[in-house]
Protein chains: 2
Amino acid sequence: MNESRVIEVKQNILSHNDRVADEFRKQRREENMFLLDVMGSPGAGKTSFLLALIKQLRQNPEVNIGVIEADLESDVDAMKIKEAGIPSVELNTKGVCHVEMGMMQKAYSAFGGKAFDYLFLENIGNLVCPADFDTGCHKRVMLLSVPEGWDKVCKYPPMFAVVDALIVTKCDYLPLNPDFDMKALYEHARALNPNLTIFETSARTGEGFDAVAEWLTSQRAALLA
Amino acid sequence: MNESRVIEVKQNILSHNDRVADEFRKQRREENMFLLDVMGSPGAGKTSFLLALIKQLRQNPEVNIGVIEADLESDVDAMKIKEAGIPSVELNTKGVCHVEMGMMQKAYSAFGGKAFDYLFLENIGNLVCPADFDTGCHKRVMLLSVPEGWDKVCKYPPMFAVVDALIVTKCDYLPLNPDFDMKALYEHARALNPNLTIFETSARTGEGFDAVAEWLTSQRAALLA
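Residues numbered from 1 in each chain as written. Chains lettered and ligands numbered in written order. Predicted model: local features only at pLDDT ≥ 70, side-chain atom pairs only at ≥ 80, totals over all residues. Heavy atoms only, no water.

## Concerning the interface of chain A and chain B
Contacts between chain A and chain B engage 38 residues on the former and 38 residues on the latter. Overall, the association of chain A and chain B removes approximately 3,200 Å² of surface from exposure, summing both partners, and the carbon and sulfur fraction of that is 63%. One can count four salt bridges joining chain A with chain B. Residue A:Asp77 is joined to B:Lys155 by a salt bridge in which the shortest nitrogen-to-oxygen separation is 2.9 Å. (Contact = heavy atoms within 4.5 Å. Buried area = accessible area lost by both parts, 1.4 Å probe. Salt bridge = Lys/Arg side-chain N within 4 Å of Asp/Glu carboxyl O.)

Written out as structure tokens, the structure is:
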């Protein structure tokens with residue numbers, strides 16, 4: 001197998017994907033819709049993060065929120081979102097390790113033109129591949145859970161480099177993880193990405209979600225300004 | 001971009017990789033060397049698992065053990081293995097989300113013909129992509145940590161389907177995770193993979209490593225029989 005041929009195929013896929021993503025992002029902006037791509041390892045707490053964040057945002061009863069729930073298979077997460085009364089669409093990648101624009105467009109159209117202020121994409125649990133694929137969202141965040149360990153920033157740098165915000169999740173586990181060096185995480189993450197916004201949260205205690213909701217609200221306001 | 005062309009390229013890569021892997025596996029068998037591929041999410045505890053397992057295996061002072069430490073970047077894990085006095089080679093995939101045979105052969109040759117009874121590959125932290133790529137090992141195990149949640153078996157089935165053993169790690173976290181349904185994990189995992197061997201471990205307390213070492217010893221004996 002010719003390696004340069006593989007690289008060429010991948011580059012073709014990515015540049016096509018980027019063009020479609022730019023167009024999609026512009027269209028959603030025209031509809032006053034703010035899209036957020038939520039990425040992270042399996043078990044980083046993406047669904048719990050979304051549930052806690054949406055609860056916070058809904059303190060404003062006029063806000064309209066939707067969720068696209070991506071999974072290789074199964075509707076475990078999609079059911080949790082539906083049970084919370086949040087309009088959602090299940091995006092089944094059929095084993096593919098990331099979300100790309102073809103899937104995103106199809107999932108979006110399944111809402112049938114519904115108007116949202118915020119549309120969240122829960123990406124596939126994978127700290128590597130989704131970093132390469134633009135999903136047409138306006139901002140991207142990644143979750144890193146305390147039990148995973150702070151040193152993931154050294155071992156999986158691409159994801160930390162491409163996101164707008166890093167959400168440290170499961171901070172209620174900190175007392176059990178004396179080795180979790182928050183200072184080192186901040187330093188290494190900002191060395192890769194100087195403008196990175198960082199939040200410390202716990203979906204269990206609710207810690208940090210006021211700050212995340214405030215950040216998101218201001219990001220949307222800036223987009224629509 | 002033509003999707004069927006992408007699928008064709010991927011299938012070519014995989015079938016070439018499978019052929020090289022079979023040959024590699026046979027050669028190591030002839031040298032009485034047993035290879036184990038250790039897979040799992042970022043932060044599942046792969047390095048801690050290896051350190052605890054090797055400590056257990058070394059109760060037999062005659063056993064020779066080596067480790068191939070794969071990472072996208074950084075030598076964080078490789079240093080931990082080196083500090084424990086274990087011969088190791090760092091395999092840097094330069095951002096690639098899995099290990100394939102070209103990398104494996106290069107890493108193996110860096111040992112310069114050293115004789116090992118056991119050679120461990122710590123694969124890239126990724127619960128999706130490595131499932132597709134045969135690394136020429138004799139057996140494959142995956143780690144699932146308690147903080148990740150039992151339901152990962154529903155959401156990432158391919159990995160559970162291809163491995164020989166599932167190692168549940170960080171079991172010392174169980175009292176903190178009343179939602180972790182061990183019975184459901186066993187049931188779902190064995191529905192995907194009826195012959196799956198399952199271990200419950202904690203690298204912190206040492207729980208379960210006698211059983212894993214015993215399993216590994218018997219797997220090697222069966223290979224060489």
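## Brief notes about the nonpolar core
It is characteristic of soluble globular proteins that their nonpolar side chains tend to be buried jointly. Counting 98 residues, the largest nonpolar core has A:Leu166, A:Leu185, B:Leu166 and B:Leu185 as the members making the most contacts within it. Sequence-distant contacts of A:Leu185, that is, excluding residues within four places in its chain, are made with A:Leu144, A:Trp150, A:Val153, A:Phe160, A:Leu166, A:Val168 and A:Phe180. (Core = buried A, V, L, I, M, F, W, Y, C linked by side-chain atoms within 4.5 Å. Buried < 20%, exposed > 50% of the residue type's maximum accessible area, 1.4 Å probe, protein only.)

## Quick word on the packing of aromatic side chains
In total, this model carries 13 aromatic pairs over all chains according to the counting rule given. Consider the rings of A:Phe34 and A:Tyr118, whose centres lie 6.1 Å apart with planes at 75°: the pair is edge-to-face. Taken together, the residues span a long stretch of sequence, with A:Phe34 in strand S1 (residues 34-40) and A:Tyr118 in strand S4 (residues 118-125) at a distance of 84 residues. No difference in accessibility class separates A:Phe34 from A:Tyr118, as the two residues are buried. Taking 5.5 Å as the distance between ring centres and 85° as the angle between the ring planes, the aromatic pair formed by B:Phe24 and B:Tyr108 counts as edge-to-face. (Phe/Tyr/Trp six-rings, centres within 6.5 Å; stacked < 30°, edge-to-face > 60°. Helix = DSSP H or I, 4+ residues; strand = E, 2+ residues; numbered from the N terminus.)

## Considerations on the sheet that holds strand S1 (residues 34-40) of chain B
All names here are of chain B. Taken together, seven strands build an open sheet; the order of strands is S3-S2-S4-S1-S5-S6-S7 and the sheet is parallel. The open sheet is flanked by strand S3 (88-92) and strand S7 (197-200), the only strands paired with a single partner. Across the sheet, the mean angle from the axis of one strand to that of its neighbour is 20°, orientation sign disregarded. Note that strand S5 (residues 139-145) and strand S6 (residues 165-169) share five bridges and pair parallel. Bridge assignment links Leu143 to a residue of S6, and that residue is Ile167. In the packing of helix H3 (residues 76-83) onto the sheet, the strands contacted are strand S2 (65-71), S3 and strand S4 (118-125), and the crossing angle to S2 comes to about 165°. Along the sheet face, helix H4 (residues 101-109) touches S1, S2, S3 and S4 and points at about 150° away from the line of S3. (Pairing = 2+ DSSP bridges. Axes fitted to C-alpha atoms, helices over the stretch in contact; angles between N-to-C directions.)

## A few points about helix H4 (residues 101-109) of chain A
Regarding H4(A), the residues found buried are A:Met101, A:Met103, A:Met104, A:Ala107 and A:Tyr108. Buried residues of H4(A), seen end-on, are gathered within an arc of 155° and therefore sit on one face of the element. (Arc of directions from axis to C-beta.)

## A short note on the relation of the copies chain A and chain B
Mapping chain A onto chain B calls for a screw motion: a turn of 180° about the axis and a shift of 0.0 Å along it, with 0.0 Å RMSD after fitting. The transformation just described matches what one would write down for a two-fold rotation axis. Taken together, the interface assignments show that 100% of the residues at the interface of chain A recur at the interface of chain B, consistent with an identical surface on both copies. (Least-squares fit on C-alpha atoms with pLDDT ≥ 70 in both.)

## Examining the pairing of strand S7 (residues 197-200) of chain A
Residue and element names in this part refer to chain A. Two elements, strand S6 (residues 165-169) and S7, share four bridges in a ladder whose sense is parallel. Following the sheet pairing, Ile167 is matched in S7 by Phe199. Note on the crossover from S6 through helix H7 (residues 182-192) to S7: the handedness is right-handed. (Right-handed = clockwise from strand over helix to strand, strands pointing away.)

## Some thoughts on the pattern of salt bridges
Within this structure, the stated rule accounts for 22 salt bridges over all chains. In this structure, A:Asp134 and A:Arg25 form a salt bridge, with 2.9 Å as the shortest nitrogen-oxygen distance. Taken together, the residues span a long stretch of sequence, with A:Asp134 in the loop between S4 and strand S5 (139-145) and A:Arg25 in helix H1 (residues 3-30) at a distance of 109 residues. The burial state of A:Asp134 is the same as that of A:Arg25; both residues are buried. The network of salt bridges with shared partners includes A:Asp77, A:Lys80, B:Asp151, B:Lys152 and B:Lys155.

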